[in-house]
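Remarks on the overall topology
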Amino acid sequence: MTPRRAGRGALGRLLPWAVGAAAGALALGPALGPGYVLRYDMVAVPEPPLSQVTLGGGGGFPRAVPSDAVLGALGLVLPGDAAQALLLMAVFTLAGAGAGHLVPRAHTGARVAAALFYVWNPFVAERLLLGQWAVLLGYAGLPWVAAAVARAARAARGRGAGGTGGTGGTAGRWRGRARWPAPLVVALLPAAVGGFSSMVLSALVGLATALLAGGGAGRALRRAGAVAGALVLLSLPWLVPALGSGARTDPAAVDLFAARADTPFGAVGSLVSLGGIWNVQAVPEWYGLPVLAAVRLVLSAAAVAGWVWLLRRGGAPGFGAGVTAAAVAGLLVALAGVTEPGRAAVATLIGLWPGFGPLRDGHLYVAPLALLQAAGMAGALMWLRRAARAEGAGHDEARAPGEPLISSEADRPGAAPHGFARLWTTGDGGGPAPAGPAPAGPSLRAPAPGRRSPGAGPRPPGRPRSRFASRSGARVLGAAAAAVLALAPVAALPGLAWGAAGRLAPAAYPDEWRHVQAVVNADDRPGRVLVLPWSAYRGLDWRGDGHRVVVLDPATKLFDRRAVWNDDLRVETGGAVRVVEGEDPLARRVDLLHAADPGPRAYAAALAGLGIRYVLVERSALPGAPGPGAFPAAGSGADPAGGAAQAAAALGPLAGENRFSLAAAGLATVHDGAQLTLLELPDQHVVPTSDALSGLEASAWFVTVGAILWSIAVSGSSLVSRRPAPTPGAESRKEHST
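Examining the overall build of the protein chain
- Scanning the protein chain from N- to C-terminus turns up 25 helices and nine strands.
- Classification of the 738 residues of the protein chain by burial places 53% in the buried group.
- Taking the contacts inside the protein chain whose residues are at least 6 apart along the sequence as the reference set, 78% of them involve residues at least 24 apart.
- As displayed, the protein chain offers around 29,900 Å² of accessible surface, 64% of which is attributable to carbon and sulfur atoms.

So, the side chain of S51
- For S51, the location among the structural elements is in the loop between α1 (3-28) and α2 (67-75).
- A distance of 3.1 Å separates the side chain of S51 from the backbone oxygen of D560, its partner in a polar contact.

Points about a nonpolar patch on the surface
- Residues L50, L76, V77, L78 and L86 make up a contiguous nonpolar surface patch of roughly 470 Å² in combined accessible area.
- Tracing the sequence through the fold places L76 in the loop between α2 and α3 (80-101).

Quick word on helix α10 (residues 196-212)
- Relative to the 24 Å expected for 17 residues at 1.5 Å per residue, α10 spans 24 Å between its end C-alpha atoms, a close match to the ideal helical length.
- Burial analysis of α10 places twelve of its 17 residues in the buried class, which makes it a mostly covered element.
- Burial in α10 covers these residues: F196, S197, S198, M199, L201, S202, A203, V205, G206, A208, T209 and A210.

Brief notes about unusual backbone geometry
- That bond from V65 to P66 is cis: its omega, 0°, falls within 30 degrees of zero.
- Mapped onto the elements, P66 comes out in the loop between α1 and α2.
- At the junction of L532 and P533, the peptide bond is cis and its omega measures out at 5° in the coordinates.
- Here P533 lies in the loop between β1 (528-532) and β2 (537-540).
- The phi torsion at Y40 lies on the positive side, around 50°, for a residue other than glycine.
- Turning to its location among the elements, Y40 is positioned in the loop between α1 and α2.
- Phi at E47 takes a positive value of approximately 45°, unusual for a residue other than glycine.

With respect to the sheet that holds strand β4 (residues 563-564)
- Strand order in the open sheet formed by five strands is β4-β1-β7-β9-β8, with mixed pairing between adjacent strands. Edge strands, defined here as strands with exactly one partner in the open sheet, are β4 and β8 (668-672).
- Bridge count for strand β7 (residues 612-618) against strand β9 (residues 676-680) is five bridges, and the pairing is antiparallel. When the bridges of β9 are listed, V617 appears paired with T677.
- Sitting on the sheet, helix α20 (residues 511-522) touches β1, β7, β8 and β9, and the angle it makes with β9 is about 15°.

A word on the packing of aromatic side chains
- In this structure the tally under the stated criterion is 13 aromatic pairs.
- Ring geometry for W353 against F356: centres 5.3 Å apart, planes inclined by 90°, an arrangement best described as edge-to-face.

Looking at the pairing of strand β6 (residues 576-580)
- Across five bridges, strand β5 (residues 569-573) lies against β6 in antiparallel orientation. Note that in β6 the partner of L569 across the bridge is V580.
- Counting the residues that bridge the hairpin from β5 to β6 gives two residues, and of these G574 lies at a positive phi of roughly 65°.

Focus: the packing of α3 against helix α4 (residues 108-119)
- Where α3 meets α4, the closest approach of the two axes is 7 Å, and the angle between their N-to-C directions is 140°. Of the possible angle classes, the one that applies to α3 and α4 is oblique. When the axes of α3 and α4 are compared, the crossing they make is right-handed. From α3, F92, A95, G96, A99, G100 and H101 reach across to α4, where they touch R111, A114, A115, Y118 and V119.

What to know about the pattern of salt bridges
- Tallied over the entire structure, the rule returns 19 salt bridges.
- Salt-bridge contacts for E680 lead to R525; the nearest nitrogen and oxygen are separated by 2.6 Å. Of this pair, E680 sits in strand β9 while R525 sits in the loop between α20 and β1, and the two are 155 residues apart along the sequence.
- Take E680: its relative accessible area is 16%, and that puts it in the buried class.
- A salt bridge links D672 to R619; its shortest N-O distance comes to 3.2 Å. With a gap of 53 residues between them, D672 in strand β8 and R619 in the loop between β7 and α23 (640-651) connect regions that are remote in the sequence.
- Judged by its relative accessible area of 2%, R619 is buried.
- One network of salt bridges, in which partners are shared, links D523, R525, R613, E680 and D683.

As for the nonpolar core
- Judged by nonpolar contacts, the single largest core of 129 residues is most densely connected at Y118, L128, Y139 and L184.
- Examining the composition of this core, we find that 16 residues originate from one element, helix α6 (residues 133-160), more than from any other.
- Sequence-distant contacts of Y118, that is, excluding residues within four places in its chain, are made with A95, A99, V124, Y139, L142, P143, A370, L371 and A374.
- The next biggest cluster of nonpolar side chains, apart from the first, holds 27 residues, and it includes L530, A604, V617 and L667.

Looking at the pairing of β8
- Here four bridges tie β8 to β9, and the two strands are oriented antiparallel to one another. Note on β9: the bridge partner recorded for H671 is L678.
- Between the antiparallel neighbours β8 and β9 lie three residues.

Description of the environment of F356
- Considering the arrangement of structural elements, one finds F356 in the loop between α16 (340-352) and α17 (367-393).
- The partly exposed category is assigned to F356, whose relative accessible area is 29%.
- Excluding residues that lie within four positions of it along the chain, F356 makes contacts with L349 and I350.

A short note on the side chain of E512
- In this fold, E512 is placed in helix α20.
- There is no salt bridge for the buried E512, and the closest opposite charge comes from R619, which lies 6.9 Å off by N-O distance.
- Within polar-contact distance, the side chain of E512 engages the backbone nitrogen of Q675 at 3.2 Å.
- Beyond its immediate stretch of four places on either side in the chain, E512 contacts H671, G673, A674, Q675 and L676.

Section: helix α22 (residues 600-609)
- Where α22 is concerned, the buried positions are Y603, A604, L607 and A608. For α22, the arc enclosing every buried residue in end-on projection is 135°, short of the 170-degree limit, so these residues lie on one face.
- Positive backbone phi, at 85°, marks G611, one or two positions downstream of α22.

Cut-off values and rules
Residues numbered from 1 in each chain as written. Predicted model: local features only at pLDDT ≥ 70, side-chain atom pairs only at ≥ 80, totals over all residues. Heavy atoms only, no water. Helix = DSSP H or I, 4+ residues; strand = E, 2+ residues; numbered from the N terminus. Buried < 20%, exposed > 50% of the residue type's maximum accessible area, 1.4 Å probe, protein only. Contact = heavy atoms within 4.5 Å. Areas by Shrake-Rupley, 256 points an atom, 1.4 Å probe, with all protein chains shown as cover. Polar contact = N/O pair within 3.5 Å; in protein donor to acceptor, adjacent residues only side chain to side chain. Patch = residues over 30% accessible without salt bridge, like charges linked within 9 Å, V, L, I, M, F, W, Y side chains within 5 Å. Salt bridge = Lys/Arg side-chain N within 4 Å of Asp/Glu carboxyl O. Expected span 1.5 Å × (residues − 1). Pairing = 2+ DSSP bridges. Axes fitted to C-alpha atoms, helices over the stretch in contact; angles between N-to-C directions. Phe/Tyr/Trp six-rings, centres within 6.5 Å; stacked < 30°, edge-to-face > 60°. Parallel < 35°, antiparallel > 145°, perpendicular 65-115°, else oblique. Left-handed = near helix turned anticlockwise from the far one by under 90°. Core = buried A, V, L, I, M, F, W, Y, C linked by side-chain atoms within 4.5 Å. Lys, Arg positive; Asp, Glu negative; His and termini not counted. Arc of directions from axis to C-beta.

Following this line, the structure appears as structure tokens:
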């Protein structure tokens with residue numbers, strides 16, 4: 001291999017990573033600076049805990065397992081805000097690299113287009129503004145999952161074509177079958193970190209690709225079984241505690257989470273252009289402008305057309321049918337929430353089994369469509385470049401029907417990819433091709449301008465041998481049009497840039513919060529923390545710019561012990577507030593206690609019976625934001641009736657109490673500051689409860705971590721470049737001049 005070709009190969013490998021990282025830096029902007037990005041479900045805390053609770057112990061639905069544990073593990077070596085910034089950048093970098101590596105390496109511009117489209121679209125913007133970084137991490141892994149399954153299917157066909165007569169061939173086939181799930185497990189790691197929603201998306205793409213990658217029904221079923229096994233294996237840390245949590249899903253909330261129109265083109269047009277999220281506050285700035293919305297819809301249509309063009313030319317080997325099926329199925333799930341019969345069907349399914357709960361959030365399932373459109377954008381760009389090249393070269397140099405677009409240069413062993421990129425080796429110079437005959441039909445590589453294709457026949461008389469000027473002009477126009485097409489997603493979605501137009505600016509935790517965290521974590525006695533006011537979300541003004549940010553209460557993730565909080569979700573719709581029932585059985589017991597209003601002393605005794613040791617009251621979130629010394633009384637404020645309802649809802653039986661009456665009820669004041677009050681229940685009354693991992697939950701972690709380590713070792717995915725071994729029975733193919 002010449003140094004020039006080696007340099008191009010390195011550029012082709014690294015460019016998608018660079019595009020993803022650059023797009024992440026542009027999108028996150030100030031969010032990468034000092035401080036914590038707090039918005040809706042995105043919560044990071046100083047010194048994030050890594051405890052048995054964050055690993056899934058303590059009961060309750062493990063919605064943040066294992067993502068909180070990963071943050072805690074990173075927090076052992078990095079500050080909490082740096083760990084959060086690293087994970088956010090990983091979303092963009094992995095997503096861009098994965099989408100780019102689905103495109104043959106020879107098409108550098110198309111790789112850039114795919115990478116940029118996949119990281120810069122309404123799905124990414126709206127999920128980021130909803131704070132669902134863990135979901136986006138699973139989204140970033142989708143192209144790697146599709147690639148790993150497709151590569152396994154191609155390798156299986158190569159083993160089947162390598163002969164069966166020798167013992168070595170048979171042993172090689174069995175070794176290959178035993179080894180192939182390892183790259184899949186590595187490809188699923190982003191989704192494994194993301195948790196259950198991410199694994200649902202990966203299951204949709206992975207299973208569809210496994211079933212439709214070809215090779216016969218038997219091989220398809222075996223691949224699907226291996227994919228399902230890998231999904232279950234990596235889901236054990238949250239699946240085992242979820243099955244034993246007793247959590248349930250409220251089927252009445254289907255219409256609240258259904259996709260909605262956030263563009264002038266209705267819910268269907270919004271979903272096709274990858275928007276349509278249920279929360280109006282998660283829509284980027286300038287998103288609904290008709291001109292920008294129209295451009296995004298046209299880009300989506302062009303991307304779908306490019307995908308069809310790509311499929312017809314064999315440009316999505318092994319994963320095209322699967323990604324298509326996953327995108328169609330996901331879009332149908334999203335559209336189900338748009339119609340009344342669809343919502344009724346989803347509510348019925350959830351009523352039958354709470355495991356169908358993830359179907360409520362229809363917008364989540366357009367993620368495979370985003371992957372399809374990203375690859376399709378690459379196809380559209382390739383078509384555009386080919387059309388311009390053919391126009392400049394003359395009709396005699398246009399591709400003859402059936403001429404390959406990917407030459408057998410792919411079969412020449414090149415520099416082996418390394419790291420995560422090693423999971424996907426297309427026939428584009430990244431490694432040896434599978435054994436067997438070359439795939440029939442057209443593929444994706446065009447003959448170089450000015451070079452006649454084999455078998456194209458003699459050059460027509462009278463035509464000049466060189467058309468340098470026309471070719472150069474067409475090449476320039478094609479490159480310009482391709483650049484416009486590649487950069488159009490960024491121009492059509494300006495609201496994602498620079499921290500989503502400033503909405504992802506970081507904030508600093510007040511010193512008082514760090515102090516209370518240290519006090520509670522220094523206590524090695526068992527016992528939980530009850531968080532008041534009794535609501536899930538807070539409006540924080542810690543950024544210093546006068547704007548309050550709605551975010552899941554940071555106190556729920558602040559301590560290394562279990563926090564008990566109201567996980568009911570309050571959603572405003574049509575001028576009214578509807579409540580979606582939460583999933584934590586222990587929170588429901590506290591709900592009943594508040595409804596009974598037994599008085600401070602009986603309330604404290606009941607809390608101690610639930611294993612609660614501390615009560616944390618966030619004063620800044622109380623009605624009227626009272627200062628230290630007392631809580632707001634029932635009936636206080638300009639509207640006594642309204643004040644009574646607010647105080648009772650926020651504090652339950654503690655409404656209107658002061659430090660003296662609290663002490664009489666047995667609640668000792670450990671800290672009483674401007675923002676926080678920390679109360680402690682009598683030690684002799686706290687019922688000892690263990691929130692440690694059960695034996696089954698601990699075993700689940702050991703199995704999953706062991707499988708990950710085994711997969712990394714077997715697949716060779718590391719920072720050390722290593723050439724894959726040739727497929728048994730394979731023959732290298734190389735073009736020779738005659």
